[in-house]
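Survey of secondary and tertiary structure
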Amino acid sequence: MTVTIREHDDRTNSVQFTDGFTPPLLNAVKSIRGRSWNAESKVWLIPNTKEASLSLLYNLYQTGLFNHPSDKPKEEQPLPHLQEELYIKGEVKKLRTALSVRHYSELTAVRYEKWVQDFLAKNQQGKNQPEEKLINNFLKDLVTKKNVSASTQNQALAALLFYFRFVKNTPVDRLSSVVHAKKKPRIPVAFSREEVVKVIENLSGTKQLVAKVLYGTGMRLNEALSLRILDIDFDQNEIIVRHGKGDKDRHVMLPQKIIPELKKQIEKVKKIHQQDLRDGFGEVSMPNALSAKYPSASRELKWQWLFPQKNRWVNRATGQEGRWHMDESLMQRAVKEAILEARINKNASCHTFRHSFATHLLESGYDIRTIQELLGHSDVSTTMIYTHVLNRGAGGVQSPLDRM
């Protein structure tokens, strides 16, 4: 079996099999993002990128129809850097499987993959050294050379510990000497009530409604944008936050002031969905395996995103077309601009609405446990950071200069 990969044009490479196609070979090519079939030349075309080429090589080796580079005689092995990249790609794929089996979120999976990929790329020459030494050196370089925060350093550590425990099957006691960065306490940035009004007034349309949901419920941005119509319960006056941080569900209050706006938004989504159905689309991504259990549910109105994106997306790998929810970057950019227009000189963002929600509830006399549940914190100590508003700190002391 011979596979010929050559440059087709400036943007694509052609892939040709001398002995025809078999299901494993077809799957190896079809899993490449952006691939297409050229009927005129009778070849597959893949993007002319390093990532696409490495993905194809890895997929071909996985079919078992070809020798892995390490199985070949030394003089026939590909260049060392290619072996390393194929090895890293294989390890990252194993990591992705381990994360998926344990139901880690997509965001966590992407971040873990990035850290493990960086770690493996840096330590290809030191594979025989103790794992804890390699990890500690990697974490030290993050601080001394990249000047990352303690939170970022601990996130990298969590990714590496997961990789060694569940992919490399390294016993936990062998990793006991790795260094954990000590996080310094930081007071969260919060808006005053007047500042909240100013920022929201500088937003418009759907983005203004999202901001009201963030401040009115204390949700994280990704939680608010991931809301579906069925999550809004007008009868019980509550909103269900599904698959929040740690894959936990929780209930939050439904702010009475935005009920008319939410009902109007649902009617807007209904019209968009009906038009998508008329165009032959209208399916939405379903959580977990619900699409298999309820095949027609993805076309029902109740499962549609509360804040859908403006345009439909196309999955290049499958050709499927659908509509995702509003992208986080659009909301983040709009809030940044609104803060500037309001002339608020704080290092604030969308997450500041969540901090303001907790701070203002404490100021109103609500107990810390209630706020903990509303925010979805596993430990009350995380919520305690907002108690700086109770004793007022330096802001509640009169300066001796003011007494002169």
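One can find the structure itself at the top, above this paragraph.
A brief look at the structure comes next. (Residues numbered from 1 in each chain as written. Predicted model: local features only at pLDDT ≥ 70, side-chain atom pairs only at ≥ 80, totals over all residues. Heavy atoms only, no water.)

**Notes on the sheet that holds strand 3 (residues 36-38)**
Think of a sheet as strands paired side by side through backbone hydrogen bonds, with each pair either parallel or antiparallel. Pairing in this open sheet of four strands is antiparallel, and the strands run 1-2-4-3 from one edge to the other. Of all the strands in the sheet, the pair left with one neighbour each is strand 1 (3-7) and strand 3. In this sheet, neighbouring strand axes are inclined to one another by 30 degrees on average, regardless of whether the strands run parallel or antiparallel. Judged from the three bridges that link them, strand 3 and strand 4 (residues 43-47) form a sheet pairing that is antiparallel. Each residue of the ladder has a partner; that of Trp37, found in strand 4, is Trp44. (Pairing = 2+ DSSP bridges. Helix = DSSP H or I, 4+ residues; strand = E, 2+ residues; numbered from the N terminus. Axes fitted to C-alpha atoms, helices over the stretch in contact; angles between N-to-C directions.)

**Details of the nonpolar core**
Counting 39 residues, the largest nonpolar core has Phe191, Val210, Met219, Met331 and Phe353 as the members making the most contacts within it. Those elements that provide at least two residues to this core are helix 7 (193-201), helix 8 (205-217), helix 9 (221-225), strand 6 (238-241), helix 10 (259-278) and helix 12 (328-341). Residue contacts for Met219: discarding those within four places in its chain leaves Val213, Leu214, Ala224, Leu227, Ile239, Val241, Arg250, Val252 and Arg354. (Core = buried A, V, L, I, M, F, W, Y, C linked by side-chain atoms within 4.5 Å. Buried < 20%, exposed > 50% of the residue type's maximum accessible area, 1.4 Å probe, protein only. Contact = heavy atoms within 4.5 Å.)

**Quick word on the pairing of strand 4**
Extensive coverage of strand 4 is indicated by the burial of four of its five residues. One ladder, built from four bridges, connects strand 2 (residues 12-17) with strand 4; its direction is antiparallel. In the sheet register, Thr12 faces strand 4, and the bridge partner there is Pro47. With antiparallel pairing between neighbouring strands as the criterion, strand 3 and strand 4 make up a hairpin whose turn holds four residues, including Lys42 at a positive phi of roughly 55 degrees.

**Quick look at the packing of helix 4 (residues 106-122) against helix 6 (residues 150-166)**
Axes are the key here: two packed helices are described by the angle between their axes and the distance separating the axes. At their nearest, the axes of helix 4 and helix 6 sit 9 Å apart, and the two run at 80 degrees to each other. On the basis of the axis angle, helix 4 is roughly perpendicular to helix 6. Residues Arg111, Tyr112, Trp115, Val116, Phe119 and Leu120 of helix 4 lie in contact with helix 6, whose contacting residues are Thr152, Gln155, Ala156, Ala158, Ala159, Leu160, Phe162, Tyr163 and Phe164. Split into classes, the residues belonging to the contact of helix 4 with helix 6 amount to 12 nonpolar, two polar and one charged. (Parallel < 35°, antiparallel > 145°, perpendicular 65-115°, else oblique. Nonpolar A, V, L, I, M, F, W, Y, C, P; charged D, E, K, R; others polar.)

**Let's talk about the environment of Ser204**
Locating Ser204 in the fold gives a position in the loop between helix 7 and helix 8. Placed 134 residues apart in sequence, Ser204 and Ala338 show a C-alpha to C-alpha distance of 9.8 Å.

**With respect to helix 5 (residues 131-144)**
With 14 residues, helix 5 extends 20 Å between its outermost C-alpha atoms, agreeing within 8% with the 20 Å of an ideal straight helix rising 1.5 Å per residue. Listed in full, the buried residues belonging to helix 5 are Glu131, Leu134, Ile135, Asn136, Phe138, Leu139, Asp141 and Leu142. Its buried side turned inward, helix 5 meets helix 4 and helix 6. (Expected span 1.5 Å × (residues − 1).)

**Let's talk about empty space enclosed by the protein**
Empty pockets left among the atoms are what a rolling probe the size of a water molecule brings to light. For the coordinates displayed, the defined rule picks out two cavities of 30 Å³ or more. One number sums up the size of the largest cavity: a volume of about 70 Å³. What lines the largest cavity is Val269, Ile272, His273, Asp276, Val284, Gln304, Trp305, Pro308 and Arg323. Counted by class, the lining of the largest cavity contains five nonpolar, two polar and two charged residues. The space that makes up the second largest cavity amounts to roughly 30 Å³. Lining the second largest cavity are Asp276, Phe281, Gly282, Glu283, Gln304, Arg312, Gly322 and Arg323. Its residues assigned to classes, the lining of the second largest cavity comprises one nonpolar, three polar and four charged. (1 Å grid on protein atoms, 1.4 Å probe; cavity = no way out; pocket = protein on both sides within 12 Å on 5 of 7 lines; lining within 4 Å. Points joined across faces, edges and corners; volume = space filled by probe spheres on them.)

**Some remarks on the side chain of Ser356**
Here Ser356 is to be found in helix 13 (residues 351-363). Residue class for Ser356 comes out buried when judged on its relative accessible area of 0%. Beyond its immediate stretch of four places on either side in the chain, Ser356 contacts Ala190, Phe191, Val196 and Tyr215.

**Section: the pattern of salt bridges**
Under the counting rule described, the total for this entry stands at 17 salt bridges. Taking the shortest distance from any N to any O, the salt bridge between Lys114 and Asp118 comes out at 3.2 Å. With Lys114 and Asp118 both in helix 4 and four residues apart, the pair spans about one turn of that helix. Exposure remark for Lys114: the relative accessible area of 40% places this residue in the partly exposed category. Judged by its relative accessible area of 28%, Asp118 falls in the partly exposed class. The partner of Arg312 in a salt bridge is Asp279, and the shortest N-O contact between them spans 3.6 Å. (Salt bridge = Lys/Arg side-chain N within 4 Å of Asp/Glu carboxyl O.)

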